[in-house]
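Here's the letter readout for the chains.
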Amino acid sequence: MKLRILLAVALLTTIGSACSSAVNSEYLKQAQADALSRVAVKYAEVGQKDKAEQLLAQSLQSAKAIESFERKNIALSEVATKYAEAGQPDQALEIAKTINSREGDGSRNKALEKVAIQYAQAEQYDQAIQATKAIKDGYDRDIPLAKLTDLAAKAGQYNQALRVIKAMQETSWKADMLAEVALMYAQAGQYDQSLQVAKINKFDDSSRARVLTEIANQYARSGQKVKAEPFLAKALQLAKTNDTLSEVALKYARLGQKDKALEILAQVLQRAKKAMPGHNKAEALAGVALMYAQVGQKGKAEQLFAQSLQIAKSIKDDKQSKAYALTQIAFKYVETGQYGQALQVTQSPDIDLTHKAEVLTQIAVKYAEAGQFDQALTVAQSIEGLGPLVNGMREDCRGIKANALTQVAVKAAEAGQYDQAFRVVKTIEELYDSHQADALAKIGDRATQAEPAARAAQVLAQALPIAKSIEAENIKAEALGEIATQYAAIGQAEKASEILDQALWSAKQIGVIGNLCKLVSCTFPI
């Protein structure tokens, strides 16, 4: 009996400690509202609309019960977005309008953006545009409008994209989105429409040059090089920036006109040499080096890389600029496939742990894209999670490392190498199980979309125990919900329902913890 009492006290003390720190009642209400709404979406996706409606109502009730102004806004925003994802944008809009955000709090705008996107995905563009009008600031309103434009254009709904653009403020964003639509017209082979959009007076010469370059590129790819040349010549006349000139040069090289390409790159190089000293000049030269490498001038590229490194290393009294310049050079080396040189640059003591981790991530992804998964995993695992203690603080790159591993796992799945993918997923640190859940979802999506049902089921069966092992109940609920909808997608409705019930159980455990916290705080004041 004494032993049982001692064990009970120890357990309650442990729970009490958690309740007094990260896990408090307000956090738990927010976490449960979020978890229940996410599971609700999954019930909706498998056709259990009544269950979804019930859980959404519960999640909304939990969100409204939160007393903290900031947490309540975040919770309501998340619940509103989940109503939208569950196919109820009208209800989502009403919830979003109740959010009374303070300046700097983007909860209301985030919810309204999600509602607008959901309307657009249902091809209800009038309602989508109307939803954005509830966003008070014009600049903030342009953010979801830009996303709606991109969504419509990628779906081939160019007229709708242009309608959305008309609702935007007269800013540089509007010109940028017009340029994107013109480019997408060109990529779709609709050259007349592309040129028509490019004639709008909001376009600058560089944007027009980009459009003309893309039209030339499309003609060249279809074997119509003669038609490509006049567009490329016009683009060259309009090109003003190094980036645009470099793009034109690359297209000339692909047309087989290497001398013309080198002539243009010589102009770009002269402009780069006139750049402001320091990191700007180092980065500009590295960019030109990359261009020379891409047109087959490796000797010239190496020469320019060496010059850019010399300039970067000579930077004094500005550690941040020096680290940035060296990092950009390393990135350019990665783009040329010179991973060894990139790694050598990252060994510089002037590059901090975060920048080094970002370069290593890119190298790991490149290896994975080439099917070299062992090398990719080795590089990703070499990312240092925590830096040394300096002035009482450490650089924390564990999130970057988890992201790198996630990307490698997804690339393996895209190549059909599921065993490799799961091997990588299992190496993600427990602290970042949200990355693990994300990877599992993407692996499952790939399997259900690309594999026969029987093979997809095998992949999901491998993912399921990993999802169940996730410690954080809210993330576990989300991971299980994703797997459930994937089972439904391959026709296994009964299995989907079974796993969804497990996801719901995990979501409800957050409330159990909250009740335990209340019990402990009353019985054993902390």
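Computed from a predicted structure; not experimentally measured. (Residues numbered from 1 in each chain as written. Predicted model: local features only at pLDDT ≥ 70, side-chain atom pairs only at ≥ 80, totals over all residues. Heavy atoms only, no water.)

Helix and strand counts for the protein chain stand at 27 helices and zero strands. Per-residue burial for the protein chain yields a buried fraction of 48% across its 526 residues. Look at the contacts in the protein chain between residues 6 or more apart in sequence, and 58% of them connect residues 24 or more apart. Put simply, the protein chain shows about 25700 Å² of open surface, and 49% of that area lies on carbon and sulfur atoms. (Helix = DSSP H or I, 4+ residues; strand = E, 2+ residues; numbered from the N terminus. Buried < 20%, exposed > 50% of the residue type's maximum accessible area, 1.4 Å probe, protein only. Contact = heavy atoms within 4.5 Å. Areas by Shrake-Rupley, 256 points an atom, 1.4 Å probe, with all protein chains shown as cover.)

What follows concerns the packing of helix H9 (residues 158-166) against helix H10 (residues 172-187). For the pair H9 and H10, interaxial distance at closest approach is 10 Å and the crossing angle is 175°. With respect to H10, the element H9 is oriented roughly antiparallel. Of H10, the residues touching H9 (which contributes Tyr158, Asn159, Ala161, Leu162, Ile165 and Lys166) are Lys174, Met177, Leu178, Val181, Met184 and Tyr185. Of the residues assigned to the contact of H9 with H10, the class counts are nine nonpolar, one polar and two charged. (Axes fitted to C-alpha atoms, helices over the stretch in contact; angles between N-to-C directions. Parallel < 35°, antiparallel > 145°, perpendicular 65-115°, else oblique. Nonpolar A, V, L, I, M, F, W, Y, C, P; charged D, E, K, R; others polar.)

Enumeration according to the criterion identifies 25 salt bridges in this entry. For the salt bridge of Lys82 with Glu78, the shortest nitrogen-to-oxygen distance reads 3.6 Å. You can see Lys82 and its partner Glu78 sitting in helix H4 (residues 69-85), four residues apart, about one turn around the helix. Salt-bridge contacts for Glu473 lead to Lys476; the nearest nitrogen and oxygen are separated by 3.9 Å. Taken together, the residues span about one helical turn, with Glu473 and Lys476 both in helix H26 (residues 473-489) at a distance of three residues. By the burial criterion, Glu473 is buried, and Lys476 matches it. (Salt bridge = Lys/Arg side-chain N within 4 Å of Asp/Glu carboxyl O.)

Let us now look at the side chain of Gln218. Secondary-structure assignment places Gln218 in helix H12 (residues 205-221). Among the residues examined, Gln218 registers a relative accessible area of 12% and is labelled buried. In terms of polar contacts, Gln218 uses its side chain to reach the side chain of Glu214, at 2.6 Å. Beyond its immediate chain neighbours, meaning those up to four positions away, Gln218 contacts Ala186, Gln187 and Tyr191. (Polar contact = N/O pair within 3.5 Å; in protein donor to acceptor, adjacent residues only side chain to side chain.)

Quick look at the packing of aromatic side chains now. Evaluated as defined, the whole model comprises five aromatic pairs. An angle of 40° between the planes, with centres 4.4 Å apart, marks the rings of Tyr191 and Tyr219 as tilted. In this pair, Tyr191 is assigned in helix H11 (residues 191-198) and Tyr219 in helix H12, connecting sequence segments 28 residues apart. When its relative accessible area of 16% is taken as the criterion, Tyr191 is described as buried. Taken together, the ring pairs in this structure connect Tyr191, Tyr219 and Phe231 into an aromatic cluster. Positioned above the aromatic ring of Tyr43 is the side chain of Lys51, whose terminal nitrogen or guanidinium carbon lies 6.0 Å from the ring centre. The residue whose ring lies beneath Lys495 is Tyr487, and the NZ or CZ to ring-centre distance is 5.9 Å. (Phe/Tyr/Trp six-rings, centres within 6.5 Å; stacked < 30°, edge-to-face > 60°. Lys NZ or Arg CZ within 6 Å of the ring centre and 35° of its normal.)

A general trend in soluble globular proteins is that nonpolar side chains are found buried together. Core analysis: the biggest nonpolar cluster contains 175 residues, and Val39, Leu148, Val181, Phe203, Ile363, Phe422 and Ile443 have the highest contact counts within it. Element by element, the count of residues in this core is highest for helix H2 (residues 25-45), at 10 residues. With near-sequence residues (within four places) excluded, Leu148 lies in contact with Ala116, Ile117, Ala120, Ala128, Thr132 and Val164. (Core = buried A, V, L, I, M, F, W, Y, C linked by side-chain atoms within 4.5 Å.)

The end-to-end C-alpha separation of helix H13 (residues 225-238) is 20 Å, in line with the 20 Å expected for 14 residues at 1.5 Å each. Of all the residues in H13, the buried ones are Ala228, Phe231, Leu232, Ala235, Leu236 and Leu238. The buried residues of H13 occupy one face: seen down the axis, they fall within an arc of 150°. In H13, the exposed positions that point more than 90 degrees away from the buried face belong to Val226 and Gln237. The elements touched by buried residues of H13 are H11, H12, helix H14 (242-254) and helix H15 (258-273). (Expected span 1.5 Å × (residues − 1). Arc of directions from axis to C-beta.)

The next thing to look at is unusual backbone geometry. Phi is positive for Glu123, close to 60°, though the residue is something other than glycine. Mapped onto the elements of the fold, Glu123 is located in the loop between helix H6 (107-121) and helix H7 (125-132). Judged by its relative accessible area of 55%, Glu123 is exposed.

This brings us to the environment of Gln169. Summarising the element assignment, Gln169 is placed in the loop between H9 and H10. If we ignore the near neighbours within four places in the chain, the residues touching Gln169 are Gly138, Arg141, Asp142 and Lys174.

Okay, the environment of Ala35 next. Relative to the helices and strands, Ala35 resides in helix H2. For Ala35, a relative accessible area of 1% puts it in the buried group. Note: C-alpha distance between Ala35 and Lys476 (441 residues apart in sequence) is 9.3 Å. Leave out the neighbours within four places in its chain, and Ala35 touches Asn474, Ala507 and Ile510.

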